[in-house]
Amino acid sequence: MQKGEELYRGKAKTVFHTSDENKLILEFRNDTSAFDGEKIEQLARKGEVNNKFNHYIMQHLEAAGVKTQVEALLSDNESLVKKLDMIPVECVVRNYAAGSLCRRLGVEEGTELKPQTFELFLKNDALHDPMVNETHAIAFGWASQDQLEQMKALTFKVNDILVPLFKQGGMLLVDFKLEFGLDTNGNIVLGDEFTPDGCRLWDAETKKKLDKDRFRQGLGLVVESYIEVAERIGLSL
Ligand code: C5P
């Protein structure tokens, strides 16, 4: 498997072609960004930690019956993945109120959400990833109704699998974002990543933040907290 040309450089990952046209390499970089790229820093070891964290979670999800893009860990910072035709909407499930939900609705951070909520956001940096609904996604051709139903069901399934995993490690999975794509057969497959960059995790007792909010809010000990999360769920880094 030869690493080929760069296909796309995102804010924290770079995607490369490979000698197999149906496979890509994801390179997790140390770059850490927030507020649509307004705040960017290099954090030592973050690429390695997120690459290994993502692989561990994706394996756990595969074992529980969720199809994911991940094929293999290639190196500290690189994973081999299936090439997907990515659907340009982000799926967010929330178990507790935080972040943009609190800003939008004025609700108190930490409020338990019953039922858990599901939101869609358009992936568009220039527009700051606006919230959209299912009819927008269908009307503008980003996804079909059937694909949206599958994405929603899969996002809740991932929540059902991961809430107990983090609970065993004494943590609350507050919320998270997933992205899906289509494989060569048109099946919906979980893509992108699941790392503390794209979810919120709090210590269940103290409510200490252990995710990217540490970076957004300037709390420090960002990568150290990601490593703590990994170790609490059985991955030593
Ligand atoms: O900012 P907001 O509260 O809407 O984020 C909800 C969840 O989705 C958080 O866990 C956040 O880290 C994640 N997210 C993300 N990428 C984005 C927007 C949100 O990973 N572009």
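Residues numbered from 1 in each chain as written. Predicted model: local features only at pLDDT ≥ 70, side-chain atom pairs only at ≥ 80, totals over all residues. Heavy atoms only, no water.

**Side note on the overall build of the protein chain**
(1) Moving on: Counting its secondary structure elements, the protein chain contains 6 helices and 13 strands.
(2) Moving on: Taking 237 residues into account, the globule formula puts the C-alpha radius of gyration at 18 Å, and the protein chain, at 17 Å, falls close to it.
(3) Moving on: Principal-axis analysis of the C-alpha atoms gives the protein chain an extent of 50 × 40 × 35 Å.
(4) Moving on: Within the protein chain, contacts between residues separated by at least 24 positions form 55% of all contacts whose residues are at least 6 apart in sequence.
(5) Moving on: Summing over all exposed atoms, the protein chain offers an accessible surface of approximately 11,400 Å²; the carbon and sulfur share of this is 49%.
(6) Moving on: Once the 30 positive and 39 negative side-chain charges of the protein chain are each reduced to a mean point, those two points are 3 Å apart. (Helix = DSSP H or I, 4+ residues; strand = E, 2+ residues; numbered from the N terminus. Rg over C-alpha atoms; globule rule 2.2 N^0.38 Å. Contact = heavy atoms within 4.5 Å. Areas by Shrake-Rupley, 256 points an atom, 1.4 Å probe, with all protein chains shown as cover. Lys, Arg positive; Asp, Glu negative; His and termini not counted. Charge placed at Lys NZ, Arg CZ, Asp CG, Glu CD.)

**A short note on the site of the ligand**
(1) Moving on: The local shell around the ligand holds 15 residues, among which R94, S100, D175, R200 and R216 are the closest.
(2) Moving on: Expressed as a share of its isolated accessible area of 450 Å², the protein-covered part of the ligand is 81%.
(3) Moving on: Elements supplying a minimum of two residues to the shell around the ligand: β8 (85–96), α2 (99–105), β11 (171–182) and β13 (199–203).
(4) Moving on: Across the shell around the ligand, the residue classes break down as 4 nonpolar, 3 polar and 8 charged. (Near = heavy atom within 4 Å. Nonpolar A, V, L, I, M, F, W, Y, C, P; charged D, E, K, R; others polar.)

**Notes on the side chain of D175**
(1) Moving on: When you line up the elements, D175 lands in strand β11.
(2) Moving on: Looking at D175, its side chain comes within polar contact range of the side chain of R200, at 2.7 Å.
(3) Moving on: In contact with D175, other than residues within four places in its own chain, are V93, R94, A98, C199 and R200. (Polar contact = N/O pair within 3.5 Å; in protein donor to acceptor, adjacent residues only side chain to side chain.)

**Some details on unusual backbone geometry**
Working note: non-glycine residues mostly have negative phi, and peptide bonds are mostly trans.
(1) Moving on: K114 connects to P115 through a cis peptide bond whose omega is 0 degrees.
(2) Moving on: Mapping P115 onto the fold places it in strand β9 (residues 112–122).
(3) Moving on: Look at D36: it is not a glycine, yet its phi comes out positive at around 55 degrees.
(4) Moving on: For R45, which is not glycine, the phi torsion reads 75 degrees and is therefore positive.
(5) Moving on: Note on placement: R45 falls in the loop between β5 (39–42) and α1 (46–63).

**Examining the sheet that holds strand β7 (residues 78–82)**
Two strands in a sheet stick together by hydrogen bonds in their backbones, pointing the same way (parallel) or opposite ways (antiparallel).
(1) Moving on: If you trace the 5 strands from one edge of the open sheet to the other, you get β1-β2-β3-β7-β6, paired in antiparallel fashion. Two strands lie at the open edges of the sheet, namely β1 (3–9) and β6 (70–73), each paired on one side alone. Each neighbouring strand pair of the sheet contributes to a mean axis angle of 30 degrees, computed without reference to strand direction.
(2) Moving on: With 3 bridges connecting them, β6 and β7 associate as antiparallel partners. Looking at β7, one finds that A72 is bridged to L80.
(3) Moving on: Together, β3 (23–28), β6 and β7 form the strand contacts of α1, whose direction differs from that of β6 by roughly 130 degrees. (Pairing = 2+ DSSP bridges. Axes fitted to C-alpha atoms, helices over the stretch in contact; angles between N-to-C directions.)

**Considering the domain arrangement of the protein chain**
(1) Moving on: According to the domain assignment, the protein chain contains domain 1 (3–82) and domain 2 (85–221).
(2) Moving on: Domain 1 and domain 2 are separated by 18 Å when their C-alpha centres are compared.
(3) Moving on: At the interface, 29 residues of domain 1 touch 23 residues of domain 2.
(4) Moving on: When domain 1 packs against domain 2, close to 2,300 Å² is buried across both sides, 64% of that on carbon and sulfur atoms.
(5) Moving on: Taken together, the connections running from domain 1 to domain 2 amount to 4 salt bridges.
(6) Moving on: Between D192 and K13 there is a salt bridge, with its nearest N and O atoms 2.9 Å apart.
(7) Moving on: On inspection of domain 1 and its partner domain 2, the count reaches 12 residue pairs in polar contact (both at pLDDT 80 or more).
(8) Moving on: Contributions of two or more residues to the side of domain 1 that touches domain 2 are made by β3, β4 (31–34), β5 and α1.
(9) Moving on: Among the elements that take part in the side of domain 1 that touches domain 2, α1 stands out by supplying 8 residues, more than any other. (Domains from an automatic or database assignment. Buried area = accessible area lost by both parts, 1.4 Å probe. Salt bridge = Lys/Arg side-chain N within 4 Å of Asp/Glu carboxyl O.)

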